[in-house]
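# An overview of the molecular structure
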Amino acid sequence: MREIHGTGIGERVAFGPVVRMADALPEPSERASALDPGAEEARARASLSAVAVELADRGVRAGGAAKDVLDAQAMMAEDPTLITDIVQRLGQGRTAERAVFEAFAAFRDLLAGMGGYLGERAADLDDVSQRVVAHLSGVAAPGVPSPGHPFVLVARDLAPADTALLDLDQVLGLVTIGGGPTSHTAILAREKSIVAIVGAADADGIADGETVIVDAERDLVVQNPTVVQVGEARQRIADRAALAAAPITPGALADGTPVPLLANLGNADDADDAVRLGAEGVGLFRTEFLFLDRAVAPDVEEQQEQYRRLLAAFPGRKVVVRVLDAGADKPLAFLNDAHEENPALGLRGIRALRQAEGVLRGQLEALAAADAETEAELWVMAPMVATVEETRYFTGLARESGIRVAGTMVETPSAALIADRVLAACDFASIGTNDLTQYTMAADRLLGTVADLQSPWHPAVLRLIADVGAAGAAHGKPVGICGEAAADPLLAVVLVGLGATSLSMAPSALADVRASLARYTLDQAKQLATAALGADGAVEAQQAARDGAAAHAGA
Ligand code: PEP
Ligand code: MG
């Protein structure tokens, strides 16, 4: 038995025999081409378009967030700048394989050097390069093996194209040697509810056919587990299956205290799935996801149609829409055009919108118009608010535009520290724990090197959340949570103990959180919260909550 550490995605456990994914193709040789550059160019262009078509086709089959990722990859294969670079290299006598390899590598290095969100897209580019080179060489692209039986896939890093099409009946779990918590592999694994450990550097030593347990909750891969460990894993898998089959009831604590469970969405197309999984409404609709590829701001009519579709899926339910959170890892060309050294600390969210007030007014107008056409209860909130003045600005503009309920995201320590005054100036608060953690801990949420500082379990973050919860209670105003923290079943209980009145998460997490909340009364949730708040660090806080939960289960 050996334990290998990485970052777990989700909470579940899987168990089975390993199948390893073939490593990358060898680097194409530097020998001069025997063909003339024109003939090589024709080969290269044919393979680039074949791969673009194949990726787009995979996107259509996969749907959801995977489609956006695969469409972006298909566009990379036809990027005019890359093609110009390839043609130039062909002019120097390279083979098509070599020219494609070099041009993609150069572009990859450029992206990797930029770091952040763009840096993480470098792996996507490598995958496109491999596919084109494989197509040119007439060999199969490295991809997910199909051994004919269920297996745990161990790969160096998985390309989005592969993750998107994983056969969920065959792939029991996924372990990647590379990749971080915000890589596409992690994002897609989370969306598809695949049990995964990413960044497990020592998984290189796992051989084909070995048995492993993939324990996402404990961030562990157990190589050659003992009989007892296998028994425990099987029990957890059976418990989880029973949970998924349990009837869907509204979110509530054991004493009946209601805790509405809402969905985080980025696209109206995902609304039906969210409803099927028991979402009682939407707690965060990320509107910027609709327009990431736009050079100019979408007009009011187009936006109105998008929002109308979303609201129509939730008649009589609360739908919280966030106005555009552009900037940092989600730049929108029509709002963020200047280079910034530290974009997470720059013109992001409400700051960028104020600079382009027409865009904000247009969005609020479209939302109010969609609201008038539908039966949902529309709430609208502003991202990245740091001051009372920004809160008043947004609330004023929203009301002027006909929005009835206007709120503030609390995702800067500043907004949390003055939550009493922020809440006096708006109708509700929604805590974005992803950014609140990033800014409280001064740890870039996209950077693997500071991942251990990015835990929302840190008592510094929990204390801020408690302050916001107390301010909400004092004002009688709702305080929701819409960051990833709400999707952690035990942390969800702690957050309610700290004063959260609703929780919003990826729909795939709803069942686990619903079951977890039902195990504790409000008093017990408050006890777990007090235990976590009293700890010295994130690991200790999580452990204190686990100990409290175990004591409660044994009582
Ligand atoms: C957050 O910061 O927690 C949040 C919900 O917003 P986003 O992840 O879109 O920045
Ligand atoms: Mg945020």
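As a reminder, the structure under discussion sits directly above these lines.
The rules behind these values
- For every chain, the first residue of the written sequence is number 1, and numbering continues from 1 along that sequence.
- Working convention: letters from A go to chains and numbers from 1 go to ligands, in the order in which they are written.
- This being a predicted model, a pLDDT of at least 70 is required before a residue's local features are given, and a value of 80 or more before pairs of side-chain atoms are given or counted; all residues contribute to the totals for chains, interfaces and linings.
- Computation of side-chain values: all heavy atoms of the structure, hydrogens and water removed.
- The way it works is that DSSP assigns letters per residue, a run of H or I at least four long becomes a helix, a run of E at least two long becomes a strand, and they are numbered from the N terminus.
- Each residue is assigned to one of three classes by its accessible area relative to the maximum for its type, calculated with a 1.4 Å probe on protein chains only: buried under 20%, partly exposed between the two thresholds, exposed over 50%.
- Sites may look incomplete, because water is not among the atoms used; the donor set itself consists of N, O and S atoms within 2.8 Å of the metal (3.2 Å for Na, K and Ca).
- Here the rule is simple: two strands pair whenever DSSP picks up at least two bridges between them.
- Between the N-to-C directions of two axes lies an angle of 0 to 180 degrees, each axis being a line fitted to C-alpha atoms and, for a helix, fitted only over the stretch in contact.
- Two residues qualify as a contact provided that any one of their heavy atoms is within 4.5 Å of a heavy atom in the partner residue.
- Near is defined per residue: the residue qualifies when any heavy atom it owns lies within 4 Å of the molecule or strand.
- A 3.5 Å cut-off defines polar contacts: any pair of N or O atoms within that distance qualifies, except that in protein one atom must be a possible hydrogen donor and the other a possible acceptor, and neighbouring residues in sequence count only when both atoms are side-chain atoms.
- A 1.4 Å probe and the Shrake-Rupley method give the accessible areas. Residues count as covered only by the protein chains that appear here.
- The aromatic pairing rule takes the rings of Phe, Tyr and Trp, using the six-membered ring of Trp, and pairs them if the centres are within 6.5 Å, calling planes under 30 degrees apart stacked, those over 60 edge-to-face and the rest tilted.
- Sitting over a ring, as applied to charges here, requires NZ of Lys or CZ of Arg to be within 6 Å of the ring centre and within 35 degrees of the ring normal.
- By definition in this entry, angles of less than 35 degrees are roughly parallel, angles greater than 145 are roughly antiparallel, angles of 65 to 115 are roughly perpendicular, and the rest are oblique.
- Note on convention: near helix rotated counterclockwise from far helix by under a right angle means a left-handed crossing. Clockwise means right-handed.
- By the convention adopted, Pro, Cys, Tyr, Trp, Phe, Met, Ile, Leu, Val and Ala count as nonpolar, Lys, Arg, Asp and Glu as charged, and the other residues, Gly among them, as polar.
- Every case where a carboxyl oxygen of Asp or Glu lies within 4 Å of a side-chain nitrogen of Lys or Arg is listed as a salt bridge.
- Put simply, buried Ala, Val, Leu, Ile, Met, Phe, Trp, Tyr and Cys residues joined by side-chain atoms within 4.5 Å make one nonpolar core.

Attention shifts here to the side chain of S430. In this fold, S430 is placed in strand β14 (residues 428-431). Given the relative accessible area of 4%, S430 is considered buried.

Here the magnesium ion (ligand 2) is held by the protein donor atoms E411 (OE) and D435 (OD), which lie 2.0 to 2.2 Å from it. Here D435 lies in helix α17 (residues 433-441) and E411 lies in the loop between β13 (405-410) and α15 (413-417), a separation of 24 residues in the sequence. Accessibility assignment for this pair places E411 and D435 in one class, buried.

Okay, the pairing of β14 next. Where burial is concerned, the two faces of β14 agree: the one with F428 and S430 and the one with A429 and I431 are both buried. As judged from the four bridges shared by β13 and β14, these two strands associate in the parallel manner. Paired with M409 across the bridge in β14 is S430. As paired strands, β14 and strand β15 (residues 479-481) are joined by three bridges and run parallel to one another. Bridging across to β15, A429 finds its partner in V479.

As a further point, take the sheet that holds strand β6 (residues 196-198). Strand pairs in the sheet, formed through backbone hydrogen bonds, run parallel or antiparallel to each other. Taken together, the eight strands give an open sheet; going across it, the order is β1-β8-β7-β3-β4-β5-β6-β2, and neighbouring strands pair in mixed fashion. In this open sheet, the two strands that pair with only one neighbour each are β1 (2-5) and β2 (7-9). Across this sheet, the average inter-strand angle for adjacent strands is 30°, counted without regard to direction. The sheet contact formed by β2 and β6 spans three bridges and is antiparallel. From the neighbouring strand, G8 faces β6, where its bridge partner is I197. Each of β1, β3 (13-20), β7 (211-215) and β8 (220-223) touches helix α9 (residues 227-245); the most contacted strand, β3, lies at about 115° to it.

Moving on: the pairing of strand β4 (residues 151-155). Here is the key point about a regular strand: its side chains alternate between the two faces of the sheet. Across the five residues of β4, five count as buried, placing the element largely inside the fold. Side-chain alternation along β4 places F151, L153 and A155 on one buried face and V152 and V154 on a second face that is also buried. Examined bridge by bridge, β4 and strand β5 (residues 171-176) share five bridges and lie parallel to one another. Note that in β5 the partner of V152 across the bridge is G173.

Moving on, we come to unusual backbone geometry. With the exception of glycine, the majority of residues adopt a negative phi angle, and the majority of peptide bonds are in the trans configuration. Its identity is not glycine, yet M384 carries a phi of approximately 60°, on the positive side. Position of M384 relative to the elements: it lies in the loop between β12 (377-382) and α14 (388-400). Classification of M384 as buried rests on a relative accessible area of 1%. Backbone geometry at A442 places phi at a positive 50°, although glycine is not the residue there. A residue is classified by how much of its surface remains accessible, and A442, at 70% relative accessible area, is exposed.

Let us now look at the site of ligand 1. In the region of ligand 1, 15 residues are neighbours, and R286, R322, G432, N434 and R445 sit closest. Within the backbone of T433, one N or O atom sits 3.1 Å away from an oxygen atom of ligand 1. In the environment of ligand 1, an oxygen atom lies 2.9 Å from a nitrogen or oxygen atom belonging to the side chain of D435. Starting from 280 Å² of accessible surface for ligand 1 in isolation, the protein chains cover 98%. When contributions to the shell around ligand 1 are tallied by element, the ones reaching two or more residues are β10 (281-286) and α17. Element by element, the count of residues in the shell around ligand 1 is highest for α17, at three residues.

The next thing to look at is the packing of aromatic side chains. The full count for this structure, using the stated rule, is one aromatic pair. Between W379 and F428, the aromatic rings sit 4.7 Å apart at their centres with planes inclined by 50°, giving tilted as the arrangement. Taken together, the residues W379 in strand β12 and F428 in strand β14 connect sequence positions 49 residues apart. Comparing W379 with F428 shows no difference in burial state: the two are buried. A cation sits over an aromatic face here: K318 above W379, 4.1 Å from the ring centre.

Take the sheet that holds β12 next. Read around the barrel, eight strands follow the order β9-β10-β11-β12-β13-β14-β15-β16 and close on themselves; strand pairing throughout is parallel. Geometrically, the sheet is characterised by an average inter-axis angle of 25° between neighbouring strands, direction not taken into account. For strand β9 (residues 261-265) and β10, the ladder comprises three bridges, and the chain directions are parallel. Bridge assignment links A263 to a residue of β10, and that residue is V282. Set on the sheet, helix α20 (residues 510-517) makes contact with β9 and β16 (502-505); between it and β9 the angle comes to about 155°.

As a packed pair, helix α13 (residues 357-373) and α14 sit with axes 9 Å apart at the nearest point and diverge in direction by 50°. By the angle between their axes, α13 is oblique relative to α14. Read as a crossing pair, α13 and α14 show a hand that is right-handed. Across the interface between the two elements, E357, L360, R361 and L364 from α13 touch Y393, F394, L397, A398 and E400 from α14. In terms of residue class, the contact of α13 with α14 is made up of six nonpolar, no polar and three charged.

To continue, consider the pattern of salt bridges. A full pass over the atoms with the stated rule returns 38 salt bridges. A salt bridge links D85 to R89, with the nearest nitrogen and oxygen atoms 2.9 Å apart. In this pair, D85 and R89 are both assigned in helix α3 (residues 80-91), four residues apart and thus about one turn of the helix distant. One exposure class covers both D85 and R89, and it is buried.

Note on soluble globular proteins: their nonpolar side chains tend to be buried together. The biggest cluster of nonpolar side chains holds 99 residues, and the ones touching the most others in it are F394 and L503. Counting residues in each nonpolar core, the second largest holds 24 residues, with L82, I86, L125 and L136 among its members.

Within the fold, P150 resides in the loop between α6 (122-137) and β4. Owing to a relative accessible area of 38%, P150 belongs among the partly exposed residues under this scheme. Taking the C-alpha atoms as reference, P150 lies 42 Å from A344; in sequence the two are 194 residues apart. When near neighbours in sequence (up to four residues on either side) are disregarded, P150 contacts P17, D169, Q170 and L172.

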